[in-house]
Amino acid sequence: MVKLGQSSFRRILLSRILLLSVPVLLVGEYVTYRKARSTLLETARLNLTESAVRKAETIEQWSKSLKSNLIGASENSMLQSVEPKDYQKFIAQLGQRLPAQVDCLQLTNVQTNQVIASTCGQQPIQSLPAKFWPPVQQQQTLLDDKSVYISLSWPLQRQGKASSKKVASGGEDFPDASKEARDSQVSLVLSAPVYTRRGNTRQLSYALSLQSALPVQTSAPKGSLAGYTVAIDQDGTILAHPNINRVGRNIDAEADADRLKSILRRAMAGGQAFLHLFSFERNGVELLAGYAAIPSPSTRKENSKWIILAVSRLDYALSGLEEIQQVLFNLIVGLVAASIIATLYLSRDLARPLEKLRDYAQTVDTAEAPLAVPENFQIREFNQLSEALNSMVQRLRTWAGELEIATKEAQVANQLKNEFLGNISHELRTPLNGIIGFIQIVRDGYCDDRDEEMEFLQRAHDSSMQLLNIINDILDIAKIESGTFSLMLEVVDITQVLEDAIDLQAAQIEEKGLKLNLPPAHDPIIVHADPEKLKQVFLNVLSNAVKFTESGSISISVRLEARTNSGSFNGSVPENALAQPSERIANNTQSDWVVVTIKDTGVGIDPEQQQKLFQPFVMADGSTTRKFGGNGLGLAISRRIMESMIGSITLHSAGVDQGTAVMISLPVNQQSSFYFHSPDLVKDKGTFKSYD
């Protein structure tokens, strides 16, 4: 019966396996996710560092390219040979030939600061410095980088406002890299002198200026590892940033000022690495920035540098992690499903043998039980359990059979006990009534003379002796059953004991008219026995022969025979004389035995009943209405006495009305006179203990 709170083996096994496997899978997935994130983050750091280096190289090459193009254009002979009226056409053509990143090209009269020709209107893009160039140049002198005047052009305030409005309305952190976006960044303005020939000299007449915005990447799409560009000069001024409101500000005004200053220090020292920024963008978005340094294009001072940053949002840099998360999620779902399916199969394979053994154990005592215990499982331990269960069931069945036999025997013994009680009450009542009747006749004076009184008293005495014998038999069997039965062994002549027993039964034999066939005269045969108990055995057997023989004869014979046994007396006490008969150790020695056979021609005994006669309270006819008297104790007592004296008593009958033969055997003692003395057998009063 299933109790509250209990669960099946299959369910417990399934839950335990899942409790172990699912956390392991989840931990494995988490470790894999963390490893993938670390790998992606490391890749993003390296890529942003490399991107910062490339961006720095690009800006440096851009600056050098502008200078070389400007110097080449200012020394162009066509510029010096054309008429002033054609300057605008020439500047327009020159602007088309210059790189695309040049936003404006102007030719200005250095004397009047008037724009002679321009590609971007008449507003000067730069205030020309005074006395920066020599007024006269030797003809053979060529311009170099030192002849180029460089300044920074900051974005107009209105453009900044427009850009900020765009950012706010569009919800984008960074505007597109359009013309307007380029105008929102710091521009580099370069001016070179233009000398015209006047005789043998070249005089300063014009200045050729160009303006170009920093070539920066102002957007960083999701998944891009290049990042957007931020430029900062060595003083901490932000030169380029996707948000125009940040351009021109010093990093001291930023929330991440400490980290930005750390970048400046490392970059100025020549470092190229990465750093995490946490407050450089709105809403505290974490950023990842790689950085590198280049010489400042806007000044000739030594050790003046610009720091170029390649910045990307951390979630953009780890955008590939989302796909990995999806893959890992699908993988964990698949693994959990596979684990559940595998666990179901495993629990079934493990639980099914136990369930079969359970079903067998529950039905083994019913008619629906299978003939054999389930076996041939794939798991060795279950096969061993099956074998053990089969062995246990076989033992239980054997014990059940033995218990059933013992129960039947107990029922038979109980029946025999009841019959014995009824029989013994009858056996006790008969002589007791005789005693009472005879004494009452004498007491009441109904006897005619003294002789008649003596006759009645003698009969009362005989009845009392019969009653005493019955009581002695009951006491003897009680002692035998309790293990307190004792013997006094001595060397006796068995023929003499037999003669004494025959003399006591001679009157009854003669009274029934039976013929008594005695053995021929025989030399004394010495045995080691208790003479009184041995006589009791002879009397029990002779009494039964007389009782159960209505007519015919009783034959008594004595013979000697050689036997191989363990209890031979050859003038000494055997070592196993004190042991139980079933525990005596056989020594396989030859000895002479005397066998006394008492055979009658009486009613005989059914062969099936013969072995039972040596059990207490058992008789061939146990009912109180049987024809013959007796209490059923004589043969049981006789057998125990003979076994205690290392002898035996057996019975044989061919069947009912075929007569009975009883053989009483004892080993012969070859010494003439011998008294058994052993401190292990003597009690305090000198009485010998029982062998059992």
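Above this text sits the structure in question.
Given the structure is predicted, the values throughout are model-derived calculations rather than measurements.

**Structural notes on the overall build of the protein**
Right, so step 1: A tally of regular secondary structure across the protein gives 14 helices and 18 strands.
Right, so step 2: If you take every contact in the protein between residues at least 6 apart in sequence, the share linking residues at least 24 apart comes to 70%.
Right, so step 3: Surface accessibility of the protein: about 38,200 Å² in total, with carbon and sulfur atoms responsible for 53%.

**Re the packing of helix 12 (residues 531-547) against helix 14 (residues 634-644)**
Right, so step 1: Orientation of helix 12 relative to helix 14, taken along the N-to-C sense of each, is 145 degrees, at an axis distance of 9 Å. Note that helix 12 runs across helix 14; the crossing there is left-handed. Packed against helix 12, whose contacting residues are K533, L534, Q536, V537, N540 and N544, the element helix 14 presents G634, L635, I637, S638, I641 and M642 at the interface.
Right, so step 2: When its residues are assigned to classes, the contact of helix 12 with helix 14 shows 6 nonpolar, 5 polar and 1 charged.

**A word on the state of the cysteines**
Such a bond, covalent and formed between the sulfur atoms of two cysteines, is termed a disulfide.
Right, so step 1: By the definition in use, this model includes 1 disulfide.
Right, so step 2: Disulfide pairing is shown between C104 and C120; the S-S distance is 1.4 Å. Because the sign of the S-S torsion sets the handedness, a value of about -45 degrees for the bond joining C104 and C120 places this disulfide among the left-handed ones. Here C120 lies in the loop between strand 2 (114-118) and strand 3 (136-137) and C104 lies in strand 1 (residues 104-109), a separation of 16 residues in the sequence.
Right, so step 3: Exposure remark for C120: the relative accessible area of 34% places this residue in the partly exposed category.

**Quick word on the sheet that holds strand 7 (residues 228-233)**
Right, so step 1: Strand order in the open sheet formed by 5 strands is 8-7-11-10-9, and the pairing between neighbours is antiparallel. Of all strands in the sheet, those bounded by a partner on one side alone are strand 8 (238-240) and strand 9 (273-277). The average undirected angle you get between the axes of adjacent strands in this sheet is 35 degrees.
Right, so step 2: Both strand 9 and strand 10 (residues 287-295) contribute to a ladder of 5 bridges, which runs antiparallel. Residue pairing for strand 10: L277 is matched across the bridge by L287.
Right, so step 3: In the packing of helix 6 (residues 257-268) onto the sheet, contacts are made with strand 7, strand 9, strand 10 and strand 11 (305-313), and the angle to strand 9 comes to roughly 175 degrees.

How each quantity is defined
Residues numbered from 1 in each chain as written. Predicted model: local features only at pLDDT ≥ 70, side-chain atom pairs only at ≥ 80, totals over all residues. Heavy atoms only, no water. Helix = DSSP H or I, 4+ residues; strand = E, 2+ residues; numbered from the N terminus. Contact = heavy atoms within 4.5 Å. Areas by Shrake-Rupley, 256 points an atom, 1.4 Å probe, with all protein chains shown as cover. Axes fitted to C-alpha atoms, helices over the stretch in contact; angles between N-to-C directions. Left-handed = near helix turned anticlockwise from the far one by under 90°. Nonpolar A, V, L, I, M, F, W, Y, C, P; charged D, E, K, R; others polar. Disulfide = S-S within 2.5 Å. Buried < 20%, exposed > 50% of the residue type's maximum accessible area, 1.4 Å probe, protein only. Pairing = 2+ DSSP bridges.

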